[in-house]
Amino acid sequence: MSLKAISFSLILFLLFQSPFSNGNFSVDLHLLNHKFNDSPEEYIEVSRPINYPANNSCSTLVLKHDFGNTYGKPPVEVSYNPPAECSNNWDKVVLQWKATCKGEQYDRIAGVWLSGVEILRTSTAEPTEAGISWEVNKDITRYSALLNKPQTLVVMLENLVDDTYTGIYHVNISFHFFENHDMQFPKYSAPADLILPISKSSPNNGGHWFWLQNTSDIQSQKLLVPSNAYRAVVEIYVSAHVNDEFWYSNPPDAYIEANNLTTPRGNGAFREVVSSIDGVVVGAVWPFPVVFTGGINPLFWEPVVGIGAFDLPAYDLEVTPFLGLLLDGKHHTFGLSVTDGIATWFVDANLHLWLDETCVQTAAMLMDYQAPAFSPSLVSNFEGLDGLFHTCGERRISYSGWVKSTQGNLTTHVLHIFKYFNLITFENNGDTKIVKLKIETTEEMRVETPVESVLFQTISNSYPLYMYSASFDKENGTYLAITNISHAFNKDVANVFPGGSSFSSLRNSQNAQGSMLVKDHSVLSGKASTAQTYNYSGTDGCYFRILSVNDSKFIKDYSDTFCNYYS
């Protein structure tokens, strides 16, 4: 097994055990008696392989950089120009991130932007002395409006190198352009004509993303929407860090205050990313809780990382009905905030706009809007360091509006349904912590003309999670830490349109168990096993993969593309 330094992510997660019986985890932990593989190892995030067209137009290396001592420094900026050797006939573009690292190092968050528009959010794996490598391939065709013009490419990866943490992240980013003249975009899936960033204008102080520190911290950008827009979508990128990385395991402040604890990880276990226009809520994201490679137990994520760790999910909000408020030739404020959030959330967004090139002015009106004020319910029952905390809630946001353009007189109805369940249990004088979480979201969109339905789309997401952490005193000042996690990312999409339909279904789950023997600030030994099942089926094909890893070695790895696996 590859044993490495425990990251700050694990320190934060175990922080609630530490004030109770087993010392202070607010400093770095290290694993002693390092054992390493003899050769560099490739790390992976399990995902469906991209379906590449047969014709490869061209590839271009857009960035080659070594991220060494970059903490607190401006991100890397380079000029991007559409490669001259590529024809203008490409239909698909794939971003490829390739990275290597060796030595000791934390996991790091990273972002890639084109002129302020985020196109990838990723995190790094934690390296070994022999070295590791990994690759992220992401279809970025939806950003075609940016890729066919000169832009500024910005990459943010803050890293700290010293005598202890020696790992330097060597990163290559390439764009691969493909020709596929037979390619047809599904209904309402063609790339936007214009993409505007809802992010910090200058990346020099911490990148383009907004750094949100508390629930009242609302960051925004003023944008001018062209008068000939006929569709609008807000795409949101989000990740939680520092005191809120494990927000779904945070107890309420009353518990912390009653027990005179000094941990900053409180404010309860509910978070909501809110999108607004001119102060009016237009949608929300109840995010999937990504576990980074240093999270819970770093040994879980060798060499298979957590769901979403290399390619964090982005979230789309259909805001076409609000064009009735935006086509007045004035700038409007697009805001982002995190309900009940504490330091620190990295959040930004992109506004995708579809334009009617044959007219100067489209007409639009917001017909109906309902977004009642929302606050989750909390039931607390604790005595001393032991107790139960149950948080739940359900929210609905709906709106409708019409847009008249050469595309037709289209009315769009949108309904968002959110459901949240969280139960945190502290036992054994706070030495045992159990978290049960389930987030469910549904978006229904109906687009219609006065005489027929153009599209009916339903997108359903489910994010269940179970987490267990316990510590037991052992001899000679040591203790045993046991951690288990089971989590999943499930998504169903159904589209019905005149003359056809399409669907996709994803079931992606991981289960991991492990233990570590700890003394003072060092981990003396550890064991871990991880199993994962990935099952995708849809009208565009199928992909199934099942694997298991024990102490960083593959025990099973099987994949198939037959459409005969259903959960």
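These numbers were taken from a predicted model, which means no experiment stands behind them. (Residues numbered from 1 in each chain as written. Predicted model: local features only at pLDDT ≥ 70, side-chain atom pairs only at ≥ 80, totals over all residues. Heavy atoms only, no water.)

Enquirer: Explain the overall build of the protein residue by residue, including any values.
Expert: Counting its secondary structure elements, the protein contains four helices and 30 strands. For 567 residues, the compact-globule estimate of 2.2 N^0.38 gives 24 Å, and the C-alpha radius of gyration of the protein, at 24 Å, lies within 12% of that figure. Based on the C-alpha atoms only, the size of the protein along its principal axes is roughly 80 × 55 × 50 Å. Split into buried and exposed, the 567 residues of the protein put 57% on the buried side. Counting contacts in the protein only where the partners sit at least 6 residues apart, residues at least 24 apart contribute 75% of the total. Carbon and sulfur atoms provide 50% of the accessible area of the protein, an area that totals close to 22,600 Å². Taking the 36 positively charged and 58 negatively charged side chains of the protein as two groups, their mean positions are separated by 2 Å. (Helix = DSSP H or I, 4+ residues; strand = E, 2+ residues; numbered from the N terminus. Rg over C-alpha atoms; globule rule 2.2 N^0.38 Å. Buried < 20%, exposed > 50% of the residue type's maximum accessible area, 1.4 Å probe, protein only. Contact = heavy atoms within 4.5 Å. Areas by Shrake-Rupley, 256 points an atom, 1.4 Å probe, with all protein chains shown as cover. Lys, Arg positive; Asp, Glu negative; His and termini not counted. Charge placed at Lys NZ, Arg CZ, Asp CG, Glu CD.)

Enquirer: Tell me about the state of the cysteines, residues and numbers included.
Expert: Inspection of the entire model under this criterion finds two disulfides. The disulfide partner of C58 is C86, and the gap between their sulfur atoms is 1.3 Å. You can see C58 sitting in strand β3 (residues 55-67) and its partner C86 sitting in the loop between β4 (76-80) and β5 (92-101), a full 28 residues away along the chain. Side by side, C58 and C86 carry an identical accessibility label, which is buried. Along the protein, the cysteines that take part in disulfide bonds pair up as 1-2, 3-4, counted in sequence order. (Disulfide = S-S within 2.5 Å.)

Enquirer: Let's hear about the packing of aromatic side chains: which residues, and what values?
Expert: A complete count under the given rule lists 30 aromatic pairs for this structure. An aromatic cluster is defined as three or more aromatic residues linked by ring pairs; in this entry it consists of F270, W286, F374, F418 and Y420. The aromatic ring of W354 is capped on one face by R231, whose charged end is 4.5 Å from the ring centroid. (Phe/Tyr/Trp six-rings, centres within 6.5 Å; stacked < 30°, edge-to-face > 60°. Lys NZ or Arg CZ within 6 Å of the ring centre and 35° of its normal.)

Enquirer: Which residues make up the pairing of β5, and what values go with them?
Expert: Burial analysis of β5 places eight of its ten residues in the buried class, which makes it a mostly covered element. In this structure, β5 lies alongside strand β10 (residues 169-179), joined through nine bridges in antiparallel fashion. Residue pairing for β10: K92 is matched across the bridge by F178. Relative to strand β8 (residues 132-139), β5 runs antiparallel, the two being bridged by eight bridges. (Pairing = 2+ DSSP bridges.)

Enquirer: Describe the environment of A84, with residues and values.
Expert: Mapped onto the elements, A84 comes out in the loop between β4 and β5. Sequence separation between A84 and R231 is 147 residues, and the spatial gap between their C-alpha atoms is 31 Å.

Enquirer: Explain the pairing of strand β9 (residues 151-157) to me, using residue names and the numbers behind them.
Expert: For β9, the tally of buried residues reaches six of seven residues, placing the bulk of the element in the interior. Both β4 and β9 contribute to a ladder of five bridges, which runs antiparallel. Paired with Y80 across the strands is Q151, a residue of β9. Pairing of strand β6 (residues 109-114) with β9, which is carried by five bridges, proceeds in the antiparallel orientation. Looking across to β9, one finds that L114 is bridged to L153.

Enquirer: Could you give me a rundown of the sheet that holds β4, with the residues and numbers involved?
Expert: Reading across from one edge, β4-β9-β6-β7 is the order of the four strands in this open sheet, with antiparallel pairing throughout. Here the strands that pair on one side only, and so sit at the sheet edges, are β4 and β7 (117-123). Looking at each pair of strands side by side, their axes are set apart by 15° on average, direction ignored. (Axes fitted to C-alpha atoms, helices over the stretch in contact; angles between N-to-C directions.)

Enquirer: Now, about empty space enclosed by the protein: what can you tell me, with residues and values included?
Expert: In the structure shown here, the tally under the stated rule is three cavities of 30 Å³ or more. Here the largest cavity defines a volume of roughly 120 Å³. Forming the walls of the largest cavity are 15 residues, and the residues nearest its centre are V238, S239, A240, F288 and V290. Per-element tally for the lining of the largest cavity: the top contributor is strand β14 (residues 229-240), with three residues. Looking at the lining of the largest cavity residue by residue, the class counts come to 13 nonpolar, one polar and one charged. Within this model, the second largest cavity holds a volume of roughly 80 Å³. In terms of lining, the second largest cavity is formed by Y188, Y230, R231, E318, T320, V403, S405, Q407, G408, L410 and T412. Sorting the residues of the lining of the second largest cavity by element identifies β14, β22 (386-405) and β23 (408-427) as the ones contributing at least two each. Ranked by the residues each element gives to the lining of the second largest cavity, the list is headed by β23, at three residues. (1 Å grid on protein atoms, 1.4 Å probe; cavity = no way out; pocket = protein on both sides within 12 Å on 5 of 7 lines; lining within 4 Å. Points joined across faces, edges and corners; volume = space filled by probe spheres on them. Nonpolar A, V, L, I, M, F, W, Y, C, P; charged D, E, K, R; others polar.)

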